[in-house]
Amino acid sequence: MDMTAAKRTAGQVAAELVEDGMTVGLGTGSTAHWFILAIATRVRNGMTIRAVATSLSSERLAREHGIDISDLDARGIDLAVDGADQVDPDLRLIKGFGGALVREKVVAAAARRFVVVVDPSKVVDRLSGRVPLELLPFGVEATLAALAETGGVFSLRDGAGGEPLRSDNGNLLGDGRFGVIDDPEGLAELLDSNPGVIGHGMFLGMADSVLVGEPTGVRTMVAAGRG
Ligand code: A5P
């Protein structure tokens, strides 16, 4: 299946959820890209929105296509739309392969509705593998050593020229690597309890629905007890 077409379909269908006057959270990555472009078309055709970006790259893309970007303020967000790296049947997510996980989580948490857009390769039975992290530079070696007690294997990401890769917030980006994650909530709690961890890519209980782009259109996943 053509994954680019799947991402585009999911992004375009999500853009139809936006209503005039809304404050909209713009996600990051190759699927959110299509959402942003579809929103730009609607803005050109007269729709008025306030847009908040989850990364400098999405901000740049949005501005290039004529969408003004606002700060996230106390009014919050009506609808945030973002991609994901994994989605399980309970709509628990792993996000952040693109490194924007902290701003993405802040935007998702401020959103009255959080819709996730993915291609079918992201839908899994159980979360596993790589969990992105944003880490405080101060004491990062101690942080990594403490994190190893969770049972994962942790490393920093390399950026250009062999320097450690930094987020838009100036912190270090890293990843924990796990097998199947039997207890996502327990792991999230362990990661949250480490003071050197600014944020992690497990988004649990946050997504209201997931739009999966498929050859025939979009399949909507809704968590049990929601929607
Ligand atoms: C960015 O930091 C990520 O959380 C992305 O939302 C996620 O990696 C999905 O990206 P793609 O849509 O490019 O797969």
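This text follows the structure it describes.
Calculation rules
- Residues numbered from 1 in each chain as written.
- Predicted model: local features only at pLDDT ≥ 70, side-chain atom pairs only at ≥ 80, totals over all residues.
- Heavy atoms only, no water.
- Axes fitted to C-alpha atoms, helices over the stretch in contact; angles between N-to-C directions.
- Helix = DSSP H or I, 4+ residues; strand = E, 2+ residues; numbered from the N terminus.
- Parallel < 35°, antiparallel > 145°, perpendicular 65-115°, else oblique.
- Left-handed = near helix turned anticlockwise from the far one by under 90°.
- Contact = heavy atoms within 4.5 Å.
- Nonpolar A, V, L, I, M, F, W, Y, C, P; charged D, E, K, R; others polar.
- Near = heavy atom within 4 Å.
- Polar contact = N/O pair within 3.5 Å; in protein donor to acceptor, adjacent residues only side chain to side chain.
- Areas by Shrake-Rupley, 256 points an atom, 1.4 Å probe, with all protein chains shown as cover.
- Core = buried A, V, L, I, M, F, W, Y, C linked by side-chain atoms within 4.5 Å.
- Buried < 20%, exposed > 50% of the residue type's maximum accessible area, 1.4 Å probe, protein only.
- Pairing = 2+ DSSP bridges.

Enquirer: Describe the packing of helix H1 (residues 3-15) against helix H2 (residues 32-44), and please don't skip the residues or the numbers.
Expert: Two measures define how a pair of helices packs: the angle their axes make with one another and the distance between the axes. As a packed pair, H1 and H2 sit with axes 7 Å apart at the nearest point and diverge in direction by 45 degrees. Considering the angle they form, H1 stands oblique to H2. Considering how the two elements wind past one another, H1 and H2 form a crossing that is right-handed. Of H2, the residues touching H1 (which contributes Thr-4, Lys-7, Arg-8, Gly-11, Gln-12, Ala-14 and Ala-15) are Trp-34, Phe-35, Ala-38, Ile-39 and Arg-42. Residue composition of the contact of H1 with H2, by class: six nonpolar, three polar and three charged.

Enquirer: Talk me through the site of the ligand; I want residue IDs and the actual numbers.
Expert: In the vicinity of the ligand lie 17 residues, with Ser-30, Thr-31, Asp-85, Gly-96 and Lys-122 positioned nearest. Between the ligand and Ser-30, the relevant distance is 2.5 Å, taken from an oxygen atom to a side-chain nitrogen or oxygen of the residue. With respect to the ligand, the side chain of Thr-31 contributes an N or O atom lying 2.6 Å from an oxygen atom. Relative to its free-state accessible area of 380 Å², the ligand is covered by the protein chains to the extent of 92%. Here the shell around the ligand is built from residues that sort into three nonpolar, eight polar and six charged.

Enquirer: An account of the nonpolar core is requested, with residue identities and associated values reported.
Expert: Looking at soluble globular proteins, one finds that nonpolar side chains tend to be buried together. Counting residues in hydrophobic clusters, the biggest one holds 25 residues, and the most contacted among them are Val-18, Leu-26, Phe-35 and Ile-39. Secondary-structure elements contributing two or more residues to this core are H1, strand S1 (23-26), H2, strand S2 (50-53), helix H3 (56-64), strand S3 (79-82) and strand S6 (114-118). Ranked by residue count, the leading element in this core is H2, at five residues. Not counting the four nearest positions on each side in its chain, Phe-35 is found in contact with Gly-11, Ala-14, Ala-15, Val-18, Val-24, Gly-25, Leu-26 and Val-81. If you look at the next biggest cluster of nonpolar residues, it comprises 20 residues, including Ala-84, Val-116, Val-210 and Ala-223.

Enquirer: So what about the sheet that holds strand S12 (residues 209-214)? Which residues, and what values?
Expert: Strand order in the open sheet formed by six strands is S2-S1-S3-S6-S12-S13, and the pairing between neighbours is mixed. The sheet is open, and its two edges are formed by S2 and strand S13 (217-222), each paired on a single side. In this sheet, adjacent strand axes meet at a mean angle of 20 degrees when their direction is disregarded. In terms of strand pairing, S1 meets S3 through three bridges, oriented parallel. Opposite Val-24, over in S3, you have Leu-79 as the bridge partner.

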